[in-house]
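# Commentary on secondary and tertiary structure
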Amino acid sequence: MEMKKTLATVAMTLGCVAVGAYLHARYTEYTASPVSQTTTNDTLGTFSGQFSASQVAMSYAPTDFTEAAQKSVESVVHVKVLQESRQQSYGSDPFLQFFFGPRVQPQQPKGPQLTGSGSGVIISSDGYIVTNNHVVESADKLEIVLNDGRVFEGSIIGTDKTTDIALVKVEAEGLQPLPFGNSDALKVGEWVLAVGNPFNLTSTVTAGIVSAKSRNMGINQSQMSVESFIQTDAAVNPGNSGGALVNTRGELVGINTAIASTTGSYTGYSFAVPTSIVQKVAADLKEYGEVQRALLGVSITDVNSEIQKKYNLAKPEGVMVMEVNESSAAREAGIQEEDVIIAVNDKTTKTVAELQEQIAQHRPGDTVKLRIIRDGKEQTVMCTLRNVRGTTDVVKIADASNVLGGQLRPITDEEKTELRLRYGIKVEKSSGKLKEAGVRDGFIILKANRTPITTIGELEQITATATDGLFISGIYPNGKVAYYAVNIQE
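### Thoughts on the nonpolar core
- Residues Ile123, Val130, Ile165, Leu167, Ala244, Leu252 and Ile255 are the most contacted members of the largest nonpolar core, which totals 28 residues.
- Those elements giving two or more residues to this core turn out to be helix H3 (66-73), strand S5 (128-132), strand S8 (165-169), strand S9 (191-196), strand S12 (244-247), strand S13 (252-260), strand S14 (269-274) and helix H6 (275-288).
- Ranked by residue count, the leading element in this core is H6, at five residues.
- Those residues in contact with Ile123 that lie beyond four places of it in its chain are Tyr128, Val130, Leu167, Pro177, Leu178, Phe180, Leu252 and Ala282.
- Core analysis: the second largest hydrophobic core is formed by 21 residues, Leu434, Ile453, Val486 and Ile488 among them.

In C-alpha cells form, the structure reads like this:
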C-alpha cells in the first residue's frame, strides 16, 4: 500500500515537472521573438501586431495612484464651519410676551461653535481656496486646517449658488496649490481619485472611474442652476464636499459636490462640478465678487425619441429651443422656436447639461458659434451672449435700491444672533417701490421669489430676472414676520 502511494507521488511530481518544462519552453519561445502574426487564444481572444513581452506585461500592470495622491493631499484642506450660538428671542413683541411670558434662556456656550465641516482645494500659492457654496453658506466663521496641521481663519470672497461653488481666502505661506486639469478631456472609464475629509477623517483618498459625464441630477434648486456633473464611483461621504477630484497625473478635474444616496452615506455614485466650470466661476468671484453669468435667453429641453420622430431628426440627440425670450441674445442672433442646438463652438451638445456647461464657461459679451438644425437642415449662427439684465455689461455687486428704492445692507452678526438668523438684507430706509409695497424701515428681507437672500447681489439678480413682480418675505426686529408683493415694472 505504501509502495503504491509512493509511486503515485512520484508520477504526480514527474507530471508537474513535465508541465512546467513545457510551459517554460513555450514562454521562452514566445519571448525570444515578437509576435508578428495574428494569434487566437480562448482566453485572450484575437490580437495582432508587434508586441514584446515587456509591452504585454506593461499593458496588464496596475495603475499607480501614489504620485497623484501625494500631490493632492497637500493641496486639500479641511473646512470647519462655525456659527454663533442662536438665542431664542421674542424681541419686544407684546403679543408673544403676553401669551408666553418672558423667555428664560438656557445657558449657551460663548463664542462660535462647530456646526459642520467639508473640504476645500488650494488653487493658488497666495491663499485662494475653492469649495462648495453649501459648505460655507451658513458660516459665521471659517476655520481652515491644512494637511500639515496649521490652522487659519478663512474669509469668503464670493459664492455662487447656481453652480454650488464658493471662493475662500486664507493668509498663509508655504501653500501647495493643485494644478487645474482639463475636465473636457476626461473619458468615461478613466481612473480618478477623490480627496477630502469625510467624517472628519483628514486627507482621505479613494479611487474610482468616471462613470458618466454631463449629468443633470436636479439637486440644485437655485434659480438658473447649472448642473453638468462628472459622475464617478469613487467613494465620497459627508465631509468630502468641496474636496478634489483628480486624474492620475494629480491634476484637479472637479470639485466633489454630492452623492446619490438614500442613507446620507456613499452607496455607489458621487458627483463633481467639472473644472471647466470651476475655473471660470473662481476667476469671476475673485475679480468681480460675483459670477458673470452669460445667457442665451431661451427655454430648452432634451431631444427625446418623440421629438426625434416628430421633427424627423437623425438621432434623439441635441437641445430643442421651446421658447425665445424677448431682448435676449438668442432673439438677436435669429434663434427660433423648434431649432435644435447640436454644438457650441464645434463642441457637441447632446443634452441640456452639455449645453449649459459650454455656455457657463463664457461671460456676457462673448460671441459663440451655435450649430443648429432648422427644418431638417444644419446651419451656423453667431450669438453674442448677454447678462441677466439683457446687456453685455459686466455685472458688479451693486445696490438693488437702483430698482427697488431704499437703502439696503447685509445684517450684522449681532442681528443674526438676536433674531436667530443666518442671513438677510436689512432695509435701513424704505423708499421707492419698497415703500409703495408697504415695507417699513428695519425690515429684513429673507427671501425673494422663494429664494434665500444672503447678499445684495443675489437680490439684484433675482430682481433683474423677475417677470411677474417680486414677492419678498422677511422679519422685523420685533420678531414680526411679513410678506410683500413689489411691483417692479416701470
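### Some points on the pairing of strand S6 (residues 141-145)
- Two strands pair when backbone bridges link them, and strand S3 (residues 76-83) and S6 are joined in this way by five bridges, in the antiparallel orientation. In the sheet register, His78 faces S6, and the bridge partner there is Val145.
- Where S6 and strand S7 (residues 151-160) come together, four bridges link them in antiparallel fashion. Note that in S7 the partner of Ile144 across the bridge is Phe152.
- Taken together, S6 and the strand that follows it, S7, pair antiparallel across an intervening segment of five residues, in which Gly149 is found at a positive phi of about 95°.

### Observations regarding the pairing of S7
- Across five bridges, the pairing between S7 and S8 is antiparallel. Following the sheet pairing, Ile156 is matched in S8 by Val168.
- Hairpin remark: S7 followed by S8, antiparallel, with four residues in the connecting loop; positive phi at Asp164, about 60°.

### Considering the environment of Tyr288
- Take Tyr288: it is sitting in helix H6.
- With relative accessibility at 18%, the residue Tyr288 sits in the buried group.
- For the pair Tyr288 and Gly158, spaced 130 residues apart in the sequence, the C-alpha separation amounts to 8.9 Å.
- Polar contacts involving the side chain of Tyr288 include one to the side chain of Glu287, which spans 3.3 Å.

### Quick word on the environment of Ile453
- Mapped onto the fold, Ile453 is located in the loop between strand S24 (451-452) and helix H13 (456-465).
- In sequence terms Ile453 and Gly424 are 29 residues apart; their C-alpha atoms lie 5.8 Å from each other.
- Setting aside chain neighbours within four positions, we find Ile453 in contact with Tyr423, Gly424, Ile425, Ile445, Leu446, Lys447, Ala448, Glu458, Leu459 and Ile462.

### Topic: the sheet that holds strand S11 (residues 229-232)
- Read around the closed barrel, the six strands follow the order S9-S10-S11-S14-S13-S12; overall the barrel is antiparallel. Pairs of neighbouring strands in the sheet enclose a mean axial angle of 45°, with direction left out of account.
- The pairing of S9 with S12 spans four bridges and is classified as antiparallel. Across the sheet, Val195 pairs through a bridge with Ala244, a residue of S12.
- Running at roughly 30° to S9, H3 makes contact with S9, strand S10 (204-215) and S12 of the sheet.

### A look at the packing of aromatic side chains
- Inspection of every chain in the model, using the stated rule, returns five aromatic pairs.
- Measuring from centroid to centroid gives 5.0 Å for Phe443 and Tyr476, while their planes differ by 50°, and the two rings are tilted. Remark: Tyr476 occurs in the loop between strand S25 (470-475) and strand S26 (481-486) and Phe443 occurs in the loop between helix H12 (432-436) and strand S23 (444-448); sequence separation between them is 33 residues.
- Relative accessible area serves as the criterion here: at 5%, Tyr476 is assigned to the buried category.
- Ring centres of Phe471 and Tyr483 lie 6.3 Å apart, and the angle between their planes is 10°; on these two criteria the pair is classed as stacked. With Phe471 in strand S25 and Tyr483 in strand S26, this pair connects stretches of sequence that are twelve residues apart.
- Residue classification places Tyr483 among the exposed residues on the basis of a relative accessible area of 57%.

### Some words on the environment of Ser183
- In this structure, Ser183 sits in the loop between S8 and S9.
- Along the primary structure Ser183 and Lys213 are separated by 30 residues, whereas in three dimensions their C-alpha atoms are 9.6 Å apart.
- With sequence-adjacent residues up to four places away left out, Ser183 is seen in contact with Lys213, Ile230, Val253, Pro274, Thr275 and Ser276.
- At a separation of 3.4 Å, a polar atom in the side chain of Ser183 contacts the side chain of Thr275.

### Section: a negative patch on the surface
- On the surface, Glu323, Glu337, Glu338 and Asp375 cluster together to form a negatively charged patch.
- Looking at Glu337, the relative accessible area reads 49%, which means it is partly exposed.

### Notes on H6
- Helix length check: H6, at 14 residues, gives a terminal C-alpha distance of 19 Å against a target of 20 Å (1.5 Å per residue), a fit within 8%.
- In terms of burial, H6 is a largely internal element, ten of the 14 residues being buried.
- Listed in full, the buried residues belonging to H6 are Thr275, Ser276, Ile277, Val278, Lys280, Val281, Ala282, Asp284, Leu285 and Tyr288.
- Elements in contact with the buried residues of H6: S5, S7, S8, S13, S14 and helix H9 (352-360).

### A few points about H13
- With respect to burial, H13 is a largely interior element, seven of its ten residues being buried.
- Ile456, Gly457, Glu458, Leu459, Glu460, Ile462 and Thr463 are the residues of H13 that are buried.

Cut-offs used in this document
Residues numbered from 1 in each chain as written. Predicted model: local features only at pLDDT ≥ 70, side-chain atom pairs only at ≥ 80, totals over all residues. Heavy atoms only, no water. Core = buried A, V, L, I, M, F, W, Y, C linked by side-chain atoms within 4.5 Å. Buried < 20%, exposed > 50% of the residue type's maximum accessible area, 1.4 Å probe, protein only. Helix = DSSP H or I, 4+ residues; strand = E, 2+ residues; numbered from the N terminus. Contact = heavy atoms within 4.5 Å. Pairing = 2+ DSSP bridges. Polar contact = N/O pair within 3.5 Å; in protein donor to acceptor, adjacent residues only side chain to side chain. Axes fitted to C-alpha atoms, helices over the stretch in contact; angles between N-to-C directions. Phe/Tyr/Trp six-rings, centres within 6.5 Å; stacked < 30°, edge-to-face > 60°. Patch = residues over 30% accessible without salt bridge, like charges linked within 9 Å, V, L, I, M, F, W, Y side chains within 5 Å. Areas by Shrake-Rupley, 256 points an atom, 1.4 Å probe, with all protein chains shown as cover. Salt bridge = Lys/Arg side-chain N within 4 Å of Asp/Glu carboxyl O. Lys, Arg positive; Asp, Glu negative; His and termini not counted. Charge placed at Lys NZ, Arg CZ, Asp CG, Glu CD. Expected span 1.5 Å × (residues − 1).

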